[in-house]
Amino acid sequence: MPLTPNATLPRRQLLLSAAGAFTAAATKAAAMPAGITITRLTTGPAAVRMIGGETPATELWTYDRLAPGPIIRLPQGKPFHAAVENRLAQSTTVHWHGIRLPNAMDGIPGLTQKPIPPGGRFDYAFTPPDAGTFWYHSHDNGLEQIGRGLAGALLIEEAVPPTVDRDLVWTLQDWRLDPDAQIVPGFDNRMEAAMDGRVGNTVTINGRLPATLAVRAGERVRLRLLNAAIARILALRFEGHRPVIVALDGQPCDPHEPADGRILLGPAMRVDIMLDMQGEPGRTYQVVDDFYERLSYTLTRLAYDQATPLRPHPLAATRQLPPNPVPRPELGSAVLQEVRLQGGMMSGMGRMMGGGTWAINDRSMTGDGSMSMPPLLRIARGRSCILDFRNETAWWHPMHLHGHSFRVLSRNGAPVPHDAWGDTVLVRPREHVRVAFVADNPGTWLLHCHVMEHQDGGLMTTIDVI
Ligand code: C2O
Ligand code: CU
Ligand code: CU
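What counts, and where the lines are drawn
- Residue indices follow the written sequence of each chain, beginning from 1 at its first position.
- A letter from A marks each chain and a number from 1 marks each ligand, given out in the order of writing.
- Side-chain atom pairs in this predicted model are given and counted only at pLDDT of 80 or more, local residue features only at pLDDT of at least 70, and totals for whole chains, interfaces and linings cover all residues.
- Side-chain numbers here rest on the full set of heavy atoms in the structure, without hydrogens or water.
- Nitrogen, oxygen and sulfur within 2.8 Å of a metal are treated as its donors, or within 3.2 Å for sodium, potassium and calcium (Na, K, Ca); water is not counted, so a site can appear incomplete.
- The secondary structure listing takes helices from DSSP runs of H or I that are at least 4 residues long and strands from runs of E that are at least 2 residues long, numbered from the N terminus.
- Note on exposure labels: buried denotes an accessible area under 20% of the residue type's maximum, exposed denotes more than 50%, and partly exposed covers the range between, all computed with a 1.4 Å probe on protein chains only.
- Being paired, for any two strands, means DSSP has found at least two bridges between them.
- Note on geometry: axes are lines fitted to C-alpha atoms, helical ones only across the stretch in contact, with angles between N-to-C directions running from 0 to 180 degrees.
- We call a set of buried Ala, Val, Leu, Ile, Met, Phe, Trp, Tyr and Cys residues a nonpolar core when their side-chain atoms join them within 4.5 Å.
- Contacts between residues were defined by any pair of non-hydrogen atoms, one from each residue, lying within 4.5 Å.
- Think of pLDDT as the predictor's per-residue confidence, scored from 0 to 100.
- For this document, the term salt bridge refers to a Lys or Arg side-chain nitrogen within 4 Å of an Asp or Glu carboxyl oxygen.
- Any pair of Phe, Tyr and Trp rings, taking the six-membered ring for Trp, is counted once the centres come within 6.5 Å. Such a pair is stacked with planes under 30 degrees apart, edge-to-face with planes over 60 apart, and tilted for the rest.

A.B. asks: Is there a simple way to think about the coordination of the copper ion (ligand 3) in this case?
C.D. replies: Note on metal geometry: ideal angles are 109.5 degrees for four donors arranged tetrahedrally and 90 or 180 degrees for six donors arranged octahedrally. Every protein donor of the copper ion (ligand 3) is listed here as His397 (ND1), Cys449 (SG) and His454 (ND1), and their distances to the metal cover 2.0 to 2.1 Å. Considered as a linear motif, the donors of the copper ion (ligand 3) on their single chain read H-x51-C-x4-H. A residue pair is termed long-range when its members are at least 10 positions apart, and His397 in strand β26 (residues 397-401) and Cys449 in strand β32 (residues 443-449) qualify at 52 residues. Here the two residues His397 and Cys449 agree in accessibility, since each one is buried.

In structure tokens, the structure reads:
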């Protein structure tokens, strides 16, 4: 069972960390005159102060000694170069999650590149076609490397951004910390791996234990939520507010309020919201995560200053984001591929090929991928494809496809409204979900669950676009 997060830390520390909580995120990437953005990223161990007060800093694995890594902001449609140097004691790669990039830049060890050895270097180069909220993370021993901090936000900026007063990102990470704020070892717990994965006890926002976010009445904030946890699912409720969802996994949707007021974020998922600060000056409102039954907790608080509202009515500007150049799948002529998710505790399931705990269509691709396994599907470039997920397990699975964005068509046969797209779709226990995409990006692409233990334990396969 998941532990209640943020409950064991003394209140004094909560207060002490307030000042830094929302300012700590560093931004990097230098734009060159030619429009090329060049950056360097160095992986390595570092101690990061996440809790504050007298609690020691946490020993993590980091990009540029930061956890999360530096926020990388890039203009849409302009070339990007990143020289990655590995100063960890083990090999690594960088995956640019959600970006529709060339296969050779996808960062998959043994599939798209050789792993970067300790002391080694790899140069990534691509041009992000879509604006939106994306992220980067290790894809080598990802369970432990992401779990120890190797993740960061990757923001691709619209040529004409929407009108807002502030543009903020919350990179949400979940850690299992001991009383000295050190990572509890044991990333290979087989029992947890067969259930909901390694859910921790401390959720941070931008690498700090969050206390409050200072806001002003009347302002409109674009808030980019990124779940960079290895297992924890979040369901955020903004007490006293009506957030409007404007993008899912970076892709714009029809602006809408979440059905039951909860913003659901499985691991790897991003939700951009527009938040009009309609609360009263001087008051404080809670942001609650109540995904796990009986384990709801206050993630952070919105603290209004005493100033009179910035404007009497919410901003009139549109919340709709400009469209991205993603091709729309043709459903009539699409290839239909069944994707049965199998395994885990309470599955009543026998042994699977490959010996994993989990499987897709009776096969288990484990670890970071065993590339000798045949692909789930071979599809001609340009064809449309419907992935028909059938969750035969008792667990939730955020299913992620590399190299493409898909449209979410239906859940248990009911059409999904608001023109919802994504690269990761959260499939509920026993649920049946259909997504569709145009297979326009040649190469071998991973399709896997983003609960890292599930991926590791066999909930992974590949799709070949030829
Ligand atoms: Cu976030 Cu296989 O990726
Ligand atoms: Cu990915
Ligand atoms: Cu899963």
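Continuing now.
A.B. asks: Can you help me understand the sheet that holds strand β18 (residues 263-265) in this one?
C.D. replies: As a general point, the strands of a sheet are linked pairwise by backbone hydrogen bonds and lie either parallel or antiparallel. An order of β13-β21-β20-β15-β18 is seen for the five strands of this open sheet, with the pairing classed as mixed. The open sheet has two free edges, formed respectively by β13 (212-215) and β18, since each of these has just one partner strand. Across the sheet, the mean angle from the axis of one strand to that of its neighbour is 25 degrees, orientation sign disregarded. Pairing analysis gives four bridges linking β13 to strand β21 (residues 297-304), with the strands arranged parallel.

A.B. asks: Before we go on, may I ask you to explain the nonpolar core in this structure?
C.D. replies: Nonpolar side chains tend to gather and get buried jointly when the protein is soluble and globular. Core analysis: the largest hydrophobic core is formed by 89 residues, its most contacted members being Trp96, Trp170, Phe238 and Phe389. Excluding its chain neighbours within four sequence positions, the residues that come into contact with Phe389 are Val339, Leu341, Met399, Val425, Val427, Glu431, His432, Val433, Val435 and Leu447.

A.B. asks: In this structure, what is going on with the confidence of the model for the chain? I would like to understand it.
C.D. replies: One rule of thumb: low pLDDT means the predicted coordinates there are not for detailed reading. Per-residue pLDDT for the chain averages 91, and the proportion of residues at 70 or more is 90%. This model gives residues 8-25 a pLDDT under 50, and the stretch forms 36 contacts once residues within four places in sequence are excluded.

A.B. asks: What's the story with the coordination of the copper ion (ligand 2) in this structure? I'm lost.
C.D. replies: Note on the copper ion (ligand 2): its protein donors are His95 (NE2) and His400 (NE2). The metal-donor distances range over 1.9 Å. In this pair, His95 is assigned in strand β7 (residues 94-97) and His400 in strand β26, connecting sequence segments 305 residues apart.

A.B. asks: Would you take a moment to explain the pattern of salt bridges for this structure?
C.D. replies: Pairing of side chains with opposite charge becomes possible as their charged atoms draw close. On inspection of all chains with the given rule, the structure shows 32 salt bridges. Arg40 is the partner of Glu85 in a salt bridge, and the nearest nitrogen-oxygen pair spans 2.6 Å. Pair noted here: Glu85 is in strand β6 (residues 80-86) and Arg40 is in strand β3 (residues 37-48), with a separation of 45 residues, a long-range link. Accessibility expressed as a relative area gives 19% for Glu85, which makes it buried. Relative accessible area serves as the criterion here: at 46%, Arg40 is assigned to the partly exposed category. A salt bridge links Glu338 to Arg390, with the shortest nitrogen-to-oxygen separation between them at 3.4 Å. With a gap of 52 residues between them, Glu338 in strand β22 (residues 335-343) and Arg390 in strand β25 (residues 384-391) connect regions that are remote in the sequence. A cluster of three or more residues bridged by salt bridges with shared partners is formed by Glu338, Arg340, Asp362, Asp388, Arg390 and Arg434.

A.B. asks: How should the pairing of strand β19 (residues 270-276) be read in this particular structure?
C.D. replies: Two faces make up the sheet, and in a regular strand the side chains alternate between them. With respect to burial, β19 is a largely interior element, seven of its seven residues being buried. The side-chain alternation of β19 yields two buried faces, one formed by Arg270, Asp272, Met274 and Asp276 and the other by Val271, Ile273 and Leu275. In this structure, strand β16 (residues 244-248) lies alongside β19, joined through four bridges in antiparallel fashion. The partner of Ala247 across the bridge, within β19, is Asp272.

A.B. asks: Explanation requested: the side chain of His450 in the structure shown.
C.D. replies: Positionally, His450 belongs in the loop between β32 and α4 (452-456). For His450, the contacting residues outside a window of four places in its chain are His97, Trp135, His137, Ile230, Pro267, Ala268, Pro398 and His400.

A.B. asks: What's the story with the side chain of Thr171 in this structure? I'm lost.
C.D. replies: Residue position: Thr171 is located in strand β11 (residues 166-175). Not counting chain neighbours up to four residues away, the residues in contact with Thr171 comprise Pro68, Ala153, Thr204, Ile205, Asn206, Leu226 and Ala228.

A.B. asks: Where do I start with the packing of aromatic side chains in this structure?
C.D. replies: For any pair of aromatic rings, geometry is given as the distance between the ring centres together with the angle between the planes. If you walk through the whole model with that rule in mind, you get eleven aromatic pairs. On the basis of an interplanar angle of 55 degrees and a centroid distance of 5.4 Å, the ring pair of Trp96 and Phe126 is categorised as tilted. Taken together, the residues span a long stretch of sequence, with Trp96 in strand β7 and Phe126 in strand β8 (residues 121-126) at a distance of 30 residues. A single burial state applies to Trp96 and to Phe126, both of which are buried. Consider the rings of Trp96 and Tyr136, whose centres lie 5.8 Å apart with planes at 35 degrees: the pair is tilted. Of this pair, Trp96 sits in strand β7 while Tyr136 sits in strand β9 (residues 132-138), placing them 40 residues apart in sequence. Residue class for Tyr136 comes out buried when judged on its relative accessible area of 0%.

A.B. asks: For this particular structure, what's the right way to read unusual backbone geometry?
C.D. replies: A negative phi holds for most residues other than glycine; trans holds for most peptide bonds. Of note, the amide linkage connecting Ala67 to Pro68 takes the cis form, showing an omega dihedral of -5 degrees. Positive phi, normally seen in glycine, also occurs at Asn141, with a value near 50 degrees. In this fold, Asn141 is placed in the loop between β9 and α2 (142-147). Even without a glycine there, the phi angle at His418 is positive, about 70 degrees. Examined against the element boundaries, His418 turns out to sit in the loop between β28 (414-415) and β29 (421-422). For His418, a relative accessible area of 31% gives the class partly exposed.

A.B. asks: I tried to follow the sheet that holds strand β30 (residues 424-427) on my own but got confused; where do I start?
C.D. replies: Within the open sheet, the five strands sit side by side as β24-β33-β32-β26-β30. Their pairing is mixed. Every other strand in the sheet has two partners, leaving β24 (377-379) and β30 as the edge strands with one partner each. On average, each strand axis in the sheet is inclined to that of its neighbour by 20 degrees, with strand direction left out of account.

A.B. asks: Explain the environment of Asp272 here, please?
C.D. replies: Within the element layout of this structure, Asp272 appears in strand β19. Look at Asp272 and you get buried, because its relative accessible area is 0%. Residues Asp272 and Val246, 26 residues apart in the sequence, show an inter-C-alpha distance of 5.7 Å. Not counting residues within four places of it along the chain, the set of residues in contact with Asp272 comprises Thr133, Arg222, Leu223, Arg224, Val244, Ile245, Val246 and Ala247.

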